[in-house]
Amino acid sequence: MGFLPGGTSDWPDAGFPGIKINPDTLVPQIVNEDAVAEALAASTDPGDRIFVLLVEGHPAEAAELLAEARYSDPSSLRLRIFEADVLRVSNRLDRAVELFRQLLAETHGTPDEAVIRQHLGRSYFASGNIAAAVESFTKALDLRVAGSADAALIYASTVAVRRARDVLEHTS
């Protein structure tokens, strides 16, 4: 397949080659299958395969790999985020929000709080709780700016805030 038509150069980076955040849905999407395949072939991190399975919409397969990975590294925040993302991709949005809120309580006041708020915002957005999504994305953006985060992370939060505010204005 190669590249996704329609131009994705301004889409926020999703943190894995060939995958970007769709600015309309705020969900990661494969934009270059060749780049994804090449990166997966070079990776030994099970989290990378879990992420790609989630992006491809295969939560059951991702959950299987996640269970094995969590057994080896039960305290990994990245894997715990994937656990909540499995719920989100499985359309169990209330459970995803609940788990992200638990992770937020655990990471409050730490450098990891911004990433959890970003993921929580995505789950709120998917569930239709747009006001909560705006609040979560805005806090993630504020934390990322205050912490001098990577420009790509700040951009991703900026796009999410803008999109959620646009949706909120059109539904109000």
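Higher on the page you've got the structure.
Description of the structure in this document.

Rules behind the numbers
Residues numbered from 1 in each chain as written. Predicted model: local features only at pLDDT ≥ 70, side-chain atom pairs only at ≥ 80, totals over all residues. Heavy atoms only, no water. Helix = DSSP H or I, 4+ residues; strand = E, 2+ residues; numbered from the N terminus. Buried < 20%, exposed > 50% of the residue type's maximum accessible area, 1.4 Å probe, protein only. Contact = heavy atoms within 4.5 Å. Patch = residues over 30% accessible without salt bridge, like charges linked within 9 Å, V, L, I, M, F, W, Y side chains within 5 Å. Areas by Shrake-Rupley, 256 points an atom, 1.4 Å probe, with all protein chains shown as cover. Salt bridge = Lys/Arg side-chain N within 4 Å of Asp/Glu carboxyl O. Lys, Arg positive; Asp, Glu negative; His and termini not counted. Charge placed at Lys NZ, Arg CZ, Asp CG, Glu CD. Core = buried A, V, L, I, M, F, W, Y, C linked by side-chain atoms within 4.5 Å. Pairing = 2+ DSSP bridges. Axes fitted to C-alpha atoms, helices over the stretch in contact; angles between N-to-C directions. Parallel < 35°, antiparallel > 145°, perpendicular 65-115°, else oblique. Left-handed = near helix turned anticlockwise from the far one by under 90°. Nonpolar A, V, L, I, M, F, W, Y, C, P; charged D, E, K, R; others polar.

1. A few points about the side chain of Arg-88
Okay, step 1: Mapping Arg-88 onto the fold places it in helix H4 (residues 77-89).
Okay, step 2: Given the relative accessible area of 10%, Arg-88 is considered buried.
Okay, step 3: Excluding residues that lie within four positions of it along the chain, Arg-88 makes contacts with Val-27, Leu-93, Ala-96, Arg-122 and Ser-123.

2. Some remarks on a negative patch on the surface
Okay, step 1: Together, Glu-33, Asp-34, Glu-38, Glu-56, Glu-61, Glu-64 and Glu-68 give the surface a local cluster of negative charge.
Okay, step 2: Among the secondary structure elements, those contributing two or more residues to the negative patch are helix H1 (33-42) and helix H3 (59-72).
Okay, step 3: With respect to the helices, strands and loops of the structure, Glu-61 is situated in helix H3.

3. A look at the nonpolar core
Nonpolar side chains in soluble globular proteins tend to be buried together.
Okay, step 1: Phe-125, Phe-137 and Ala-164 are the most contacted members of the largest nonpolar core, which has 25 residues in total.
Okay, step 2: Sorting the residues of this core by element identifies H4, helix H5 (93-107), helix H6 (113-127), helix H7 (130-146) and helix H8 (151-171) as the ones contributing at least two each.
Okay, step 3: If we ignore the near neighbours within four places in the chain, the residues touching Phe-125 are Asp-24, Thr-25, Leu-26, Ile-130, Ala-133, Phe-137, Arg-163, Ala-164 and Val-167.
Okay, step 4: Among the nonpolar cores identified, the runner-up in size contains 20 residues, and Ala-39, Ile-50, Phe-51 and Leu-54 belong to it.

4. Side note on the sheet that holds strand S3 (residues 28-30)
Okay, step 1: Across the sheet, which stays open at both edges, the three strands sit in the order S1-S2-S3 with antiparallel pairing between neighbours. Both outer strands of the open sheet, strand S1 (13-16) and S3, are each paired with one neighbouring strand and no more. Within the sheet, the average angular offset between the axes of one strand and its neighbour, ignoring direction, is 35°.
Okay, step 2: Across two bridges, the pairing between S1 and strand S2 (residues 19-21) is antiparallel. Bridged to Phe-16 within S2 is Ile-19.

5. Considering the pattern of salt bridges
Okay, step 1: Across all of its chains, the model carries eight salt bridges by this definition.
Okay, step 2: Glu-106 is paired through a salt bridge with Arg-80; the nearest N and O atoms lie 2.6 Å apart. Taken together, the positions of Glu-106 in helix H5 and Arg-80 in helix H4 put the pair 26 residues apart, joining distant regions of the chain.
Okay, step 3: Glu-106 gets classed as partly exposed once you look at its relative accessible area, which sits at 43%.
Okay, step 4: With a closest N to O distance of 3.0 Å, Arg-95 and Glu-98 form a salt bridge. With Arg-95 and Glu-98 both in helix H5 and three residues apart, the pair spans about one turn of that helix.
Okay, step 5: The class of Arg-95 is partly exposed, set by a relative accessible area of 38%.
Okay, step 6: A single network of salt bridges, built from pairs that share partners, joins Asp-45, Asp-48 and Arg-78.

6. Concerning the packing of helix H2 (residues 46-55) against H3
Okay, step 1: Relative orientation of the contacting elements H2 and H3 amounts to 160°, with a least axis distance of 8 Å. Accordingly, the angle class assigned to the pair H2 and H3 is roughly antiparallel. In this structure, H2 crosses over H3, and the sense of that crossing is left-handed. Across from Pro-46, Arg-49, Ile-50, Leu-53 and Leu-54 in H2, the residues of H3 making contact are Pro-59, Glu-61, Ala-62, Leu-65, Leu-66 and Ala-69.
Okay, step 2: Taken together, the residues that form the contact of H2 with H3 break down as nine nonpolar, no polar and two charged.

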